[in-house]
Amino acid sequence: MSRPAVLVTGGAKRVGAAIVRRFAEAGWLVVIHYGTSQDAAETLAEELPSAETVQCDLANSDEVRSMVKQLAEALPDWRALINSAAVFEPDDVTALDDDTNRAAMQVNARASAILAQSYLAHAKADGGRCVIQITDQKLQNPNPDFFSYTMSKHAVDATIRMLAMGAARPDDRVYGVAPGAILPSHDQSEAEAEISHRMNLLGRRTHAREVADACLFLAGGLFESGQTLYVDSGQHLCDQPRDVIYLAREDVRA
């Protein structure tokens, strides 16, 4: 009996790697996508009982479609796609940076939509097919920082219900997972991260494992398609005027 398979984009590092490990623990065959992090992807794959790696430049739409078609032919029970890869670079509401915006919209939004569409068009699965789009708590708790990144995550969020409505099979599921501050981001120090990651209603750090657990739960298809889970200790219910990276930096310097 073959293992159910999952593709995790950006699965070599950070939250993506936590998702990879969690699915591997649960007995899945994990396909770890990477762009340039070949060493990290292969090292991670070697640690797991059943894992493969695949390279693809998510900025190249033709490569994305080709990768999905090849995996669909190779994986007899490809049950889940998790779009975790993302570009996270600063620009703000007063000055959109063209290069930053182009990369964010292509990798974060366009590639994840093409991956989902191609997966639902080609993947074979015995127990239903599931797409999970990793978004961000910023969808409900916006601020002017990381403008292009946030714009791209709103675009990803818009795909979730549309893809759910248009899915070809009744057992197809499309979900969102919206993390809060999980790991040190951008140019944060550990001291800044310790402060920023507790800027939520529960005053606690949310761990990457919790995001991974949410993805594994959703991959079981128990929720109505089109829904999003927030995994952020209530951060999306806050009203934060700036990204917590900068709010914490102000506290450290005070």
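Relevant structure appears above.
Rules behind the numbers
Residues numbered from 1 in each chain as written. Predicted model: local features only at pLDDT ≥ 70, side-chain atom pairs only at ≥ 80, totals over all residues. Heavy atoms only, no water. Phe/Tyr/Trp six-rings, centres within 6.5 Å; stacked < 30°, edge-to-face > 60°. Helix = DSSP H or I, 4+ residues; strand = E, 2+ residues; numbered from the N terminus. Buried < 20%, exposed > 50% of the residue type's maximum accessible area, 1.4 Å probe, protein only. Pairing = 2+ DSSP bridges. Axes fitted to C-alpha atoms, helices over the stretch in contact; angles between N-to-C directions. Parallel < 35°, antiparallel > 145°, perpendicular 65-115°, else oblique. Left-handed = near helix turned anticlockwise from the far one by under 90°. Contact = heavy atoms within 4.5 Å. Nonpolar A, V, L, I, M, F, W, Y, C, P; charged D, E, K, R; others polar. Expected span 1.5 Å × (residues − 1). Arc of directions from axis to C-beta. Polar contact = N/O pair within 3.5 Å; in protein donor to acceptor, adjacent residues only side chain to side chain. 1 Å grid on protein atoms, 1.4 Å probe; cavity = no way out; pocket = protein on both sides within 12 Å on 5 of 7 lines; lining within 4 Å. Points joined across faces, edges and corners; volume = space filled by probe spheres on them.

1. Remarks on the packing of aromatic side chains
Here comes step 1: As enumerated under the stated definition, the model contains 6 aromatic pairs in all.
Here comes step 2: Ring centres of Trp 78 and Tyr 119 lie 4.8 Å apart, and the angle between their planes is 70°; this geometry places the pair in the edge-to-face category. You can see Trp 78 sitting in strand 4 (residues 78–83) and its partner Tyr 119 sitting in helix 4 (residues 98–122), a full 41 residues away along the chain. As far as the burial class goes, Trp 78 and Tyr 119 line up, both buried.
Here comes step 3: By way of ring pairs, the aromatic residues Phe 88, Phe 146, Tyr 149 and Tyr 246 are connected into one cluster.

2. So, the sheet that holds strand 4
Here comes step 1: Here we have 7 strands laid out as an open sheet, ordered 3-2-1-4-5-6-7, and parallel in their pairing. Where the open sheet ends on each side, the last strands, each with one partner, are strand 3 (51–55) and strand 7 (228–231). Strand-to-strand, the axes of this sheet are offset by a mean angle of 20°, without reference to chain direction.
Here comes step 2: In terms of strand pairing, strand 5 (residues 130–134) meets strand 6 (residues 173–179) through 5 bridges, oriented parallel.

3. As for the packing of helix 4 against helix 5 (residues 147–166)
Here comes step 1: At a closest axis distance of 8 Å, the pairing of helix 4 and helix 5 adopts a crossing angle of 15°. In terms of orientation, helix 4 lies roughly parallel with respect to helix 5. Two packed elements cross with a definite hand, and for helix 4 against helix 5 that hand is right-handed. Here Thr 100, Asn 101, Ala 104, Met 105, Asn 108, Ala 109, Ser 112, Ala 113, Ala 116 and Gln 117 of helix 4 come into contact with helix 5, specifically with Ser 148, Tyr 149, Met 151, Ser 152, Ala 155, Val 156, Thr 159 and Leu 163.
Here comes step 2: Per-class residue counts for the contact of helix 4 with helix 5 are 10 nonpolar, 8 polar and no charged.

4. Here we look at unusual backbone geometry
Here comes step 1: Phi is positive for Arg 14, close to 55°, though the residue is something other than glycine.
Here comes step 2: Judged by its relative accessible area of 47%, Arg 14 falls in the partly exposed class.
Here comes step 3: Even without being a glycine, Phe 146 presents a positive backbone phi close to 50°.
Here comes step 4: Mapped onto the secondary structure, Phe 146 falls in the loop between strand 5 and helix 5.
Here comes step 5: Taking the relative accessible area as the measure of exposure, Phe 146 reaches 1% and is therefore buried.

5. What to know about helix 3 (residues 61–74)
Here comes step 1: Over its 14 residues, helix 3 extends 20 Å from the first C-alpha to the last, a length consistent with the 20 Å expected when each residue adds 1.5 Å.
Here comes step 2: Taken as a whole, helix 3 has its buried residues at Ser 61, Val 64, Met 67, Val 68, Leu 71 and Ala 72. The buried side chains of helix 3 occupy one side of the element, clustering within an arc of 130° when seen end-on. Exposed and oriented more than 90 degrees from the buried face of helix 3 are Asp 62, Gln 70, Glu 73 and Ala 74.
Here comes step 3: The secondary structure elements touched by the buried residues of helix 3 are strand 1 (5–9), strand 2 (29–34), strand 3, strand 4 and helix 4.
Here comes step 4: Of the residues that open helix 3, the one with a side-chain oxygen 3.1 Å from the backbone nitrogen of Asp 62 is Asn 60.

6. Side note on the environment of Ala 193
Here comes step 1: Following the sequence through the fold, Ala 193 ends up in helix 6 (residues 190–196).
Here comes step 2: Given a relative accessible area of 0%, Ala 193 falls into the buried group.
Here comes step 3: Residues Ala 193 and Ala 181, spaced 12 residues apart in sequence, show a C-alpha to C-alpha distance of 8.4 Å.
Here comes step 4: Each residue touching Ala 193, except ones within four places of it in the same chain, is listed here: Pro 184, Gln 188 and Arg 205.

7. Things to note about the layout of surface pockets
Here comes step 1: Space inside the largest pocket adds up to approximately 1,200 Å³.
Here comes step 2: Taken together, 47 residues make up the lining of the largest pocket; nearest its centre are Arg 14, Ser 84, Ala 86, Val 87 and Phe 88.
Here comes step 3: Secondary structure elements with two or more residues in the lining of the largest pocket: helix 1 (14–25), strand 2, helix 5 and helix 8 (244–253).
Here comes step 4: It is helix 1 that contributes the most residues to the lining of the largest pocket, 3 residues altogether.

8. Some details on the environment of Leu 183
Here comes step 1: Along the polypeptide, Leu 183 turns up in the loop between strand 6 and helix 6.
Here comes step 2: Take Leu 183: its relative accessible area is 25%, and that puts it in the partly exposed class.
Here comes step 3: The spacing of Leu 183 and Asp 172 is 11 residues in sequence and 31 Å in space, taken between C-alpha atoms.
Here comes step 4: Not counting the four nearest positions on each side in its chain, Leu 183 is found in contact with Arg 14, Val 15, Gln 188 and His 197.

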